[in-house]
Amino acid sequence: YTEFTSYDKIISTEVFWKNKFIDYHRSSLSEHIFNRNKYNKVGFRKYPLAWHTDDMAVIEYSISNEIYFISSTHVLVRFTEKSISGDINNDTNNKEKDLASLQFFTDMLNLYKNYIPKDMIEQLLIRNADKCWELKQENKVNLYGVYCYLGQPISLLKIPYKNYILSHHAKKKN
């Protein structure tokens with residue numbers, strides 16, 4: 001059992017990001033109500049095990065709007081070793097979760113970096129590169145776009161080397 005989250009009645013995409021990924025507030029798909037028209041227009045992104053699918057939906061659906069939070073209602077979510085979230089000893093699921101997280105954060109850095117606090121972006125780039133290395137995946141983050149957004153043109157000189165090292169390692173898959 002964890003405590004219920006409590007936010008202001010209206011929060012922005014940036015506040016959601018901070019709460020979820022900096023302050024590590026928990027959330028579940030069942031806690032969100034989505035506008036059907038927005039769902040029909042945007043849909044849900046497909047990540048392995050649907051891991052982070054709800055997070056991306058909240059972000060994509062709230063980009064041009066804000067998130068309405070109802071603190072007077074509560075959802076109880078069962079969390080056991082039989083659920084994907086609770087099954088932490090299943091190596092296959094853990095690898096799929098890691099792949100989904102890599103895809104989610106890559107999408108965030110490529111598409112929605114302006115909703116991530118700038119001081120967090122460099123940490124995400126490092127975390128993303130580490131995950132690429134660990135999972136033997138190519139880095140699909142548009143480093144040029146990210147470093148331009150951050151106003152760090154000198155970092156652009158490192159891109160070819162970083163991409164070469166990660167791509168070379170990814171080709172060594174077992």
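Up top is the structure these notes are about.
Residues numbered from 1 in each chain as written. Predicted model: local features only at pLDDT ≥ 70, side-chain atom pairs only at ≥ 80, totals over all residues. Heavy atoms only, no water.

> Would you take a moment to explain a nonpolar patch on the surface for this structure?
Among the surface-exposed residues, Ile10, Tyr68 and Ile70 lie close enough to one another that they form a single nonpolar patch of about 290 Å² accessible area. Structurally, Tyr68 is set in strand 2 (residues 67–68). (Patch = residues over 30% accessible without salt bridge, like charges linked within 9 Å, V, L, I, M, F, W, Y side chains within 5 Å. Areas by Shrake-Rupley, 256 points an atom, 1.4 Å probe, with all protein chains shown as cover. Salt bridge = Lys/Arg side-chain N within 4 Å of Asp/Glu carboxyl O. Helix = DSSP H or I, 4+ residues; strand = E, 2+ residues; numbered from the N terminus.)

> What am I meant to see in the environment of Val42 here?
Mapping Val42 onto the fold places it in helix 2 (residues 36–42). We classify Val42 as partly exposed; its relative accessible area is 35%. With residues near it in sequence (within four places) discarded, Val42 still touches Glu60 and Tyr61. (Buried < 20%, exposed > 50% of the residue type's maximum accessible area, 1.4 Å probe, protein only. Contact = heavy atoms within 4.5 Å.)

> I keep staring at the nonpolar core and nothing clicks. Help me out?
Soluble globular proteins tend to pack their nonpolar side chains together in the buried interior. Grouped together as the largest cluster of nonpolar side chains are 29 residues, with contacts concentrated most on Trp17, Phe104, Met108, Leu109, Ile116 and Leu125. Elements supplying a minimum of two residues to this core: helix 1 (13–22), helix 3 (53–62), helix 4 (91–111), helix 5 (118–135) and helix 6 (143–150). Broken down by element, the residue count for this core peaks at five residues, all from helix 4. In this structure, Leu102, Cys132, Leu135 and Leu166 belong to the second largest nonpolar core, which totals five residues. (Core = buried A, V, L, I, M, F, W, Y, C linked by side-chain atoms within 4.5 Å.)

> What's the story with the side chain of Asp55 in this structure? I'm lost.
Among the secondary structure elements, Asp55 is positioned in helix 3. Classification of Asp55 by relative accessible area gives buried; the value is 2%. Separated by 3.4 Å, the side chains of Asp55 and Lys20 make a polar contact. (Polar contact = N/O pair within 3.5 Å; in protein donor to acceptor, adjacent residues only side chain to side chain.)

> Which parts of the structure should I look at to understand the packing of aromatic side chains?
By convention here, two paired aromatic rings are described through the distance between centres and the angle between planes. Scanning the model with the defined rule gives four aromatic pairs in all. A centroid spacing of 6.2 Å and a plane angle of 80 degrees characterise the contact between Tyr47 and Phe104, whose relative ring orientation is edge-to-face. Note that Tyr47 is positioned in the loop between helix 2 and helix 3 and Phe104 in helix 4, a separation of 57 residues in sequence. For the pair formed by Tyr47 and Phe104, the shared burial category is buried. Measuring from centroid to centroid gives 5.0 Å for Phe104 and Phe105, while their planes differ by 75 degrees, and the two rings are edge-to-face. The residues Phe104 and Phe105 share a single accessibility class, namely buried. (Phe/Tyr/Trp six-rings, centres within 6.5 Å; stacked < 30°, edge-to-face > 60°.)

> Before we go on, may I ask you to explain helix 5 in this structure?
Each turn of an α-helix holds 3.6 residues, which means side chains three or four residues apart point in the same direction. Look at helix 5: 26 Å from first C-alpha to last across 18 residues, which is about the 26 Å you get at 1.5 Å a residue. Among the residues of helix 5, Met120, Ile121, Leu124, Leu125, Asn128, Cys132 and Leu135 are the ones counted as buried. The buried side chains of helix 5 occupy one side of the element, clustering within an arc of 145 degrees when seen end-on. Facing away from the buried side of helix 5 by over 90 degrees, the exposed positions are Asp119 and Glu134. Remark: Lys136 follows helix 5 within two positions and exhibits a positive phi of approximately 55 degrees. (Expected span 1.5 Å × (residues − 1). Arc of directions from axis to C-beta.)

> Explanation requested: the pattern of salt bridges in the structure shown.
When their charged atoms lie close together, side chains carrying opposite charge are able to pair. Overall, the coordinates contain five salt bridges when judged by the stated rule. In this structure, Arg45 and Glu60 form a salt bridge, with 2.8 Å as the shortest nitrogen-oxygen distance. Linking Arg45 in the loop between helix 2 and helix 3 with Glu60 in helix 3, this pair joins segments that are 15 residues apart in sequence. The exposure class assigned to Arg45 is partly exposed, which follows from its relative accessible area of 29%. Lys131 serves as the salt-bridge partner of Glu134, at 3.2 Å between the closest nitrogen and oxygen. Highlighted residues: Glu134 and Lys131, both in helix 5, separated by three residues, approximately one helical turn. Among the charged side chains, a network of salt bridges with common partners joins Arg45, Glu60 and Asp107.

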